[in-house]
Amino acid sequence: MLRFSLYRLVVLLCVATIIYTTLRWCQILFGRGDSENRHFQHTCNMTELYRHELEHLFERVHRLLVQHGLTHFLCYGTLWGQIHMAKMLPWREKAEFCVLNEELMRHEEARFIRNFYASELQIHYLHSEGIYRIFSKESAARHAAPYIELVVFQLDETQGMYKRIGWKRRVLPPHCDWTPSLECFPMNLLQGTLPKRPLGRYFYTVPMGGIELQKYHYPDNWWKDVKVRNCNLH
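Residues numbered from 1 in each chain as written. Predicted model: local features only at pLDDT ≥ 70, side-chain atom pairs only at ≥ 80, totals over all residues. Heavy atoms only, no water.

### Structural notes on a nonpolar patch on the surface
(1) Moving on: A contiguous nonpolar surface patch, about 370 Å² in accessible area, is contributed by Leu 6, Leu 9, Val 10 and Leu 13.
(2) Moving on: Its relative accessible area of 42% is what places Val 10 among the partly exposed residues. (Patch = residues over 30% accessible without salt bridge, like charges linked within 9 Å, V, L, I, M, F, W, Y side chains within 5 Å. Areas by Shrake-Rupley, 256 points an atom, 1.4 Å probe, with all protein chains shown as cover. Salt bridge = Lys/Arg side-chain N within 4 Å of Asp/Glu carboxyl O. Buried < 20%, exposed > 50% of the residue type's maximum accessible area, 1.4 Å probe, protein only.)

Laid out in structure tokens, this is it:
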């Protein structure tokens, strides 16, 4: 029969901590985002009202970013919507702009945030992810409200790549080839005058090369068709 001892308890806690830390690092190093990035089976479960609110909120955020002179472009699922349908994908609860950290740093953060509140928008920054999340104060949605994410990227001139920021990535190897969660893409995709493409009723900036950005953010499945259930996409 094992006898309880403080030494054995400390050893067990240390082993458990090491195992947990190793698993978390593996998830960060080799994971590529949430389940939306990995699964391609969707149901059109968002109401027409919800999608209308999301599109309206997206345009409001766009206008504010233009007022601040900030480069912002479609990315992630919102860019997929533009590529496949020229509108928001009908199963998504959010939309994304990607923005550049070096431009944000030129603005006083408090004033930047106040301008959103002055426009009846709620905004908060997720430090671990390097994301600004924005909601409308007057959303008519009964349950979860649509929201916009500003995903912040920083230029690494040594590598010639843009990569995600956020404190959980700062402790990882900084090289793009070693750390997939940095979600790097080459700087040439943002060089020159960026084109504008339709998304719903409006035109928005997209990166150079059309689908090229998705090859970096979805390297394992960017070429696959999205399978949709219970949805009329026409």
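Next, the rest of the story.
### Considerations on the pairing of strand E4 (residues 121–126)
(1) Moving on: The pairing of E4 with strand E5 (residues 131–136) spans six bridges and is classified as antiparallel. Considered in E5, the bridge of Leu 121 is made with Ser 136. (Pairing = 2+ DSSP bridges. Helix = DSSP H or I, 4+ residues; strand = E, 2+ residues; numbered from the N terminus.)

### Notes on the state of the cysteines
(1) Moving on: This structure, assessed with the given rule, holds two disulfides.
(2) Moving on: One disulfide in the model links Cys 75 with Cys 98; its S-S distance is 2.2 Å. Between Cys 75 and Cys 98 the sulfur-sulfur dihedral comes to about 100°; the bridge is accordingly right-handed. Of this pair, Cys 75 sits in the loop between strand E2 (72–74) and helix H4 (76–84) while Cys 98 sits in strand E3 (residues 94–100), and the two are 23 residues apart along the sequence. (Disulfide = S-S within 2.5 Å.)

### A closer look at the packing of helix H3 (residues 48–67) against helix H6 (residues 109–118)
(1) Moving on: Their axes nearest at 11 Å, the elements H3 and H6 cross at an angle of 140°. Classified by the angle between their axes, H3 and H6 sit oblique to one another. Of the two possible hands of crossing, H3 and H6 adopt the one that is right-handed. Taken together, the residues of H6 that come into contact with H3 (itself represented by Val 61, Leu 64 and Leu 65) are Phe 112, Asn 115 and Phe 116.
(2) Moving on: Tallied by class, the residues present in the contact of H3 with H6 amount to five nonpolar, one polar and no charged. (Axes fitted to C-alpha atoms, helices over the stretch in contact; angles between N-to-C directions. Parallel < 35°, antiparallel > 145°, perpendicular 65-115°, else oblique. Left-handed = near helix turned anticlockwise from the far one by under 90°. Contact = heavy atoms within 4.5 Å. Nonpolar A, V, L, I, M, F, W, Y, C, P; charged D, E, K, R; others polar.)

### Section: the packing of aromatic side chains
(1) Moving on: Per the counting criterion, the structure on display carries 13 aromatic pairs.
(2) Moving on: Their ring planes at 65° and their centres at 5.0 Å tell us that Phe 58 and Tyr 204 sit as a pair that is edge-to-face. Note that Phe 58 is positioned in helix H3 and Tyr 204 in strand E10 (residues 202–205), a separation of 146 residues in sequence. One exposure class covers both Phe 58 and Tyr 204, and it is buried.
(3) Moving on: Between Phe 153 and Phe 185, the ring centres sit 5.1 Å apart and the planes meet at 65°, which makes this aromatic pair edge-to-face. Within this pair, whereas Phe 153 is found in strand E6 (residues 147–156), its partner Phe 185 is found in strand E8 (residues 185–186), the two being separated by 32 residues in sequence. Phe 185 matches Phe 153 in its accessibility class, with the two residues each being buried.
(4) Moving on: An aromatic cluster is defined as three or more aromatic residues linked by ring pairs; in this entry it consists of Phe 58, Phe 97, Tyr 202 and Tyr 204. (Phe/Tyr/Trp six-rings, centres within 6.5 Å; stacked < 30°, edge-to-face > 60°.)

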